[in-house]
Amino acid sequence: MKIKIQITVFLILCYSIIHAQNAIDVNGIVNVESKTISINQTIYYKNESKQSLKEIYLHDWIHSYSTKSTPLAKRFEEEFSTKFHLAKDRQRGFTSITSISDLYSNAVLDYEYLEDHPDVLKVTLKEPLKPTESYKISLTYSIVLPDATFTDYGYTKTKDFELKYWYISPAVFDGEWHYYSNKNLNDLYIPKSNVSITLKHPINYRATSELDVVEMTPYPKDNYQISRFFGKDRTDTYLSLSKYPRFRRVQTDDFVVISNINEKDVSGSEKAILTDRITRFLTKNIGNYPHKNLLVSEVDYRQSPLYGLNQLPDFLSPFPNQFQYELKLLKTALKKYLNNILLLNPRKEHWLTEGLQIYFLSKYVDEYYPDMKLLGNLADVWGIRAFHAADLDFNFQYFLYAMEIARKNRDQPLTASKDSLIKFNSNIAGRYKAGQGFYYLEDFTDDINLKETISEFLTQNALKTDIKIKEIENYLNTKTDKNIDWFFSDYVDTRKKIDFKIKSIETTEDSIKVTIKNKRDNSMPVSLFRLSNDSIIGKQWVENIFGTKTISIPKDSTDKFVLDYYNVMPEFNQRDNYKAVNGSFLNNKPFQIRLFKDVEDPYYNQIFFMPLVEFRNIYDGLTLGTKVYNKTILRKRLNYRFSPQYATKSRALTGSTSISYTHNLENQNLFDLTYGLGASYRSFAQDAFFTSITPSISLTFRNDDDFREDTRDRISARYVSISREIGEDAIIDFDEQEPDYGVFNLRYTHFKPGLINFSSFNADFQLAENFSKLSVNYEYRILTKSNRNIDFRFFAGMFLNNSTDPNSDYFSFALDRPTDYLFDLNYLGRSEAAGLFSQQIIIAEGGFKSMLDTPFANQWMTTANFSTSIWRYIQAYGDVGLVKNKFSNAQFVYDSGIRLNLVPD
């Protein structure tokens with residue numbers, strides 16, 4: 001039997017070679033205790049380009065775990081994760097290559113890892129590989145699997161093996177080499193190949209793969225088993241090797257689904273019925289699956305879960321268990337299905353398969369769960385059902401998530417390389433925007449059935465290796481008579497927002513003239529609805545709006561016009577999409593008062609109330625009040641807040657108010673311009689109150705070419721006006737304080753966050769009637785490769801002039817505890833001279849921890865603060881500095897000690 005199987009595999013490989021198909025044959029021996037796999041591998045690859053190749057490139061993504069400086073390690077650092085950096089060496093994975101040789105000539109080949117891509121191999125051939133010729137190389141190597149805690153793939157805590165991208169694979173060459181480093185994006189780009197995998201593993205383990213099973217032969221006497229799989233035209237060969245496999249096989253009319261995705265209180269028979277419904281939907285809408293098995297694993301789901309309320313704990317989940325299971329299985333199956341038939345470059349052309357995944361997921365919900373709400377069962381709960389969020393359909397979440405990042409001016413083009421996307425865009429917003437885009441395109445192309453057209457395209461191009469994104473654009477253009485160039489040129493390929501408004505409505509004796517303004521520079525169309533008594537009586541598409549466009553409509557019973565009534569397109573601002581034919585401002589958008597923040601309802605001018613219970617300082621005590629504001633779940637440009645509060649201890653009416661406006665500037669380094677006005681009234685001592693009024697403006701800069709570089713530069717200017725009231729019961733000597741004052745404050749900040757490397761710099765200039773001062777502050781923090789925290793901080797400040805009272809240090813630089821005359825710091829007892837609250841420390845200005853004999857400087861001061869970790873959160877610190885006051889020599893000061901730093905900053 002064993003000989004027959006080996007002959008079968010040999011014949012399959014020979015068939016691949018004869019018919020010029022790529023082939024990979026992997027033979028591995030698994031050692032569980034050392035978490036290694038010893039591999040003998042053969043790669044057969046045809047040069048289908050028109051160029052001769054002197055070298056070839058191979059992906060070795062297991063080696064991406066080998067050090068703390070690989071692109072994968074840097075990716076973890078960029079996303080503020082220390083799990084890889086702090087891991088022990090034995091938890092990392094790597095590849096140990098014994099030899100690479102040419103099977104035709106038996107010649108040993110030279111190879112090296114690329115400097116910038118330490119998980120990519122460059123192999124030099126003995127003879128150039130001409131067009132249409134093939135190479136066949138043999139590799140002998142062993143891999144040490146990484147802990148699965150890093151990416152969910154590798155060696156698990158239960159000593160199981162989750163194997164993905166585990167053997168060495170050829171890179172694609174189509175005139176240029178497409179090789180990429182592993183960045184935990186699950187986007188290895190390799191040519192389709194006939195793959196044969198043979199594993200020798202302990203007999204108590206079972207191998208599961210979506211490849212076809214060729215052999216599973218146990219050898220009880222020797223306590224091992226041989227598992228052999230084969231698959232034709234494959235790019236994804238995920239394999240699970242586990243002691244207690246939980247995979248279920250469901251044979252449907254279309255193909256076999258192998259899955260270990262689970263959901264509490266969903267029976268096996270229910271899972272089988274739901275699985276069958278899903279496979280019918282996939283086959284009908286995407287086309288026949290070209291393989292026998294589709295493997296959908298829990299690991300795959302965790303890589304791209306259903307975000308939002310679906311991730312709440314079971315006892316809080318608002319959705320039926322059956323619905324959750326169905327969508328988990330469907331979402332993961334859609335991803336695998338599309339990736340296995342549409343062989344695009346997953347790093348460069350990811351948006352199409354991701355967008356189609358969300359599009360078909362939405363279609364499934366429309367078909368089988370048309371009444372499912374965004375809040376699930378919570379939408380029917382008393383109190384919650386009054387919120388606008390309770391009225392929204394389940395599929396509305398895709399608009400919310402896409403717009404969440406757009407309103408923050410952090411969205412990126414859908415065509416951006418996947419490794420250039422920030423995490424939220426990569427995992428959520430980008431694919432949701434792409435999915436919404438297909439709904440938008442479907443609504444616009446009402447002369448065709450877009451879903452059926454896409455299905456036809458997928459069927460015709462399944463498993464094609466030369467497929468490109470441009471081909472779907474050309475295909476759709478041949479099917480519809482409408483101009484859809486805007487979808488690919490503006491919607492997909494740029495960050496251009498959709499933002500229209502009804503500018504004006506003019507009525508004549510026989511017609512109504514509607515002027516629509518396109519507030520952005522794009523050519524996207526918009527749908528215009530006519531309403532009569534809140535019922536739709538007409539709809540038309542308006543195209544090519546550059547600036548403004550006026551259309552004339554025969555006069556009828558229309559009393560209101562609405563743009564994009566059903567919220568099909570992800571529009572940046574929907575609040576100006578409504579306009580009455582004959583009406584006032586209130587008729588266009590009536591006011592709506594709501595308790596607590598809600599999802600924005602563009603039909604109303606919304607005002608929110610929220611009860612407040614706070615403790616800000618020991619003088620006011622507990623404060624009770626309310627916050628009146630307009631901020632919704634999605635960010636707005638104009639925000640106002642009014643918070644009156646009654647302080648139970650000071651028995652006074654306190655509170656604060658603010659109003660601000662933000663300009664989002666696109667495609668330039670200056671991306672945020674915000675100006676506003678704030679005011680507050682609170683206690684700063686017993687029976688002593690301050691009033692602060694602060695107009696301000698800030699300009700924030702970033703690297704517009706690289707959103708993943710999280711460095712920020714900010715220039716801010718403000719004027720802080722402070723006045724104080726001292727009551728009869730005040731325990732403070734007001735005569736020793738400076739009178740009421742105003743300070744102009746100009747500040748520049750350079751900030752580079754990071755858990756491994758952190759740095760910040762700011763320069764601060766202050767100008768008041770009696771003084772002007774300049775200070776700089778620099779901080780650098782590093783987590784070394786030996787996992788030691790080192791923190792360095794430097795401060796220097798000097799008065800340019802100072803004519804304040806020489807007996808008062810109210811405006812002086814502070815060595816350990818600033819007076820905070822601008823009321824920026826969150827002191828609980830800012831006027832306390834003794835007791836616990838007098839010892840509250842906020843690291844600012846001098847940054848000393850000890851209270852020394854010279855705590856202030858009215859001329860200049862410079863300090864340096866050091867700290868390093870001793871064990872976990874315990875750190876040793878040391879501070880040194882020079883303090884210079886008028887009429888005295890500079891004094892050298894220092895302190896040292898031990899501190900607990902539970903949470904940095």
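Conventions adopted
- Residues numbered from 1 in each chain as written.
- Predicted model: local features only at pLDDT ≥ 70, side-chain atom pairs only at ≥ 80, totals over all residues.
- Heavy atoms only, no water.
- Helix = DSSP H or I, 4+ residues; strand = E, 2+ residues; numbered from the N terminus.
- Buried < 20%, exposed > 50% of the residue type's maximum accessible area, 1.4 Å probe, protein only.
- Contact = heavy atoms within 4.5 Å.
- Pairing = 2+ DSSP bridges.
- Core = buried A, V, L, I, M, F, W, Y, C linked by side-chain atoms within 4.5 Å.
- Salt bridge = Lys/Arg side-chain N within 4 Å of Asp/Glu carboxyl O.
- Phe/Tyr/Trp six-rings, centres within 6.5 Å; stacked < 30°, edge-to-face > 60°.
- Axes fitted to C-alpha atoms, helices over the stretch in contact; angles between N-to-C directions.
- Parallel < 35°, antiparallel > 145°, perpendicular 65-115°, else oblique.
- Left-handed = near helix turned anticlockwise from the far one by under 90°.
- Nonpolar A, V, L, I, M, F, W, Y, C, P; charged D, E, K, R; others polar.

A. Structural detail: the overall build of the protein. The helix and strand tally for the protein stands at 12 helices and 44 strands. By principal-axis analysis of the C-alpha atoms, the protein measures approximately 100 × 85 × 55 Å. Across the 905 residues of the protein, 54% fall into the buried class. The contacts of the protein with a sequence gap of at least 6 include a subset with a gap of at least 24, amounting to 64%.

B. Up close: the pairing of strand β29 (residues 605-615). In terms of strand pairing, strand β28 (residues 591-595) meets β29 through five bridges, oriented parallel. For isoleucine 593, the partnering residue across the bridge sits in β29 and is isoleucine 607. Strand direction decides the pairing type here: β29 and strand β30 (residues 622-629), joined by eight bridges, are antiparallel. Residue pairing across strands places phenylalanine 615 opposite leucine 622, the latter belonging to β30. Connecting the antiparallel pair β29 and β30 is a turn made up of six residues, with glycine 621 showing a positive phi of about 70 degrees.

C. Looking closely at the nonpolar core. Ranked by internal contacts, the top residues of the largest apolar core, which has 87 residues, are Trp351 and Leu528. Top element by residues in this core is helix α5 (residues 321-341). It accounts for 10 residues. Core analysis: the second largest hydrophobic core is formed by 46 residues, Ile97, Leu109, Tyr141 and Leu241 among them.

D. Structural view of the environment of isoleucine 537. Looking at the secondary structure, you find isoleucine 537 in strand β24 (residues 535-542). Under the relative-accessibility criterion, isoleucine 537 is labelled partly exposed at 36%. Residue contacts for isoleucine 537: discarding those within four places in its chain leaves Arg530, Leu531, Ser532, Asp556, Ser557 and Thr558.

E. Looking closely at the pattern of salt bridges. All chains considered together, the criterion is met by 51 salt bridges. For lysine 470, the salt bridge is made with glutamate 473, and the minimal N-O distance between the two is 3.3 Å. Of this pair, lysine 470 and glutamate 473 are both found in helix α10 (residues 469-479), three residues apart, which corresponds to roughly one turn of the helix. Salt bridges sharing common partners tie together Arg75, Glu78, Glu79, Lys423 and Arg708.

F. Quick look at unusual backbone geometry. Positive phi, normally seen in glycine, also occurs at phenylalanine 80, with a value near 60 degrees. With a phi angle near 65 degrees, leucine 463 is a residue other than glycine that sits in the positive phi range. On the secondary structure map, leucine 463 appears in the loop between α9 (450-460) and α10.

G. Fine view of the packing of aromatic side chains. For the structure shown, the criterion picks out 67 aromatic pairs. Here phenylalanine 319 and phenylalanine 394 contribute two aromatic rings whose centre-to-centre distance is 5.5 Å and whose plane-to-plane angle is 90 degrees, an arrangement assigned as edge-to-face. Taken together, the residues span a long stretch of sequence, with phenylalanine 319 in the loop between α4 (298-303) and α5 and phenylalanine 394 in the loop between α6 (350-368) and α7 (397-407) at a distance of 75 residues. On the basis of relative accessibility, which here comes to 3%, the residue phenylalanine 319 falls in the buried class.

H. Summary view of α7. In terms of residue burial, α7 counts as a mostly covered element, since 10 of its 11 residues are buried. Residues of α7 that are buried sit in contact with α6, α8 (423-444) and β32 (652-664).

I. Seen up close, the environment of lysine 517. Within the fold, lysine 517 resides in strand β22 (residues 511-518). By relative accessible area, which is 33% here, lysine 517 ends up partly exposed. With 246 residues separating them in the primary sequence, lysine 517 and alanine 763 have C-alpha atoms 43 Å apart. Sequence-distant contacts of lysine 517, that is, excluding residues within four places in its chain, are made with Asp499, Phe500, Lys501, Lys503, Gly547 and Thr548.

J. Highlighting the packing of α6 against α9. Running from N to C, α6 and α9 point in directions that differ by 130 degrees, and their axes come no closer than 12 Å. Viewed along their axes, α6 and α9 adopt a mutual orientation that is oblique. For α6 against α9, the interelement crossing comes out left-handed. On α9, the residues that touch Leu356, Tyr359, Phe360 and Lys363 of α6 are Leu450, Lys451, Ile454 and Leu458. Its residues placed into classes, the contact of α6 with α9 shows six nonpolar, no polar and two charged.

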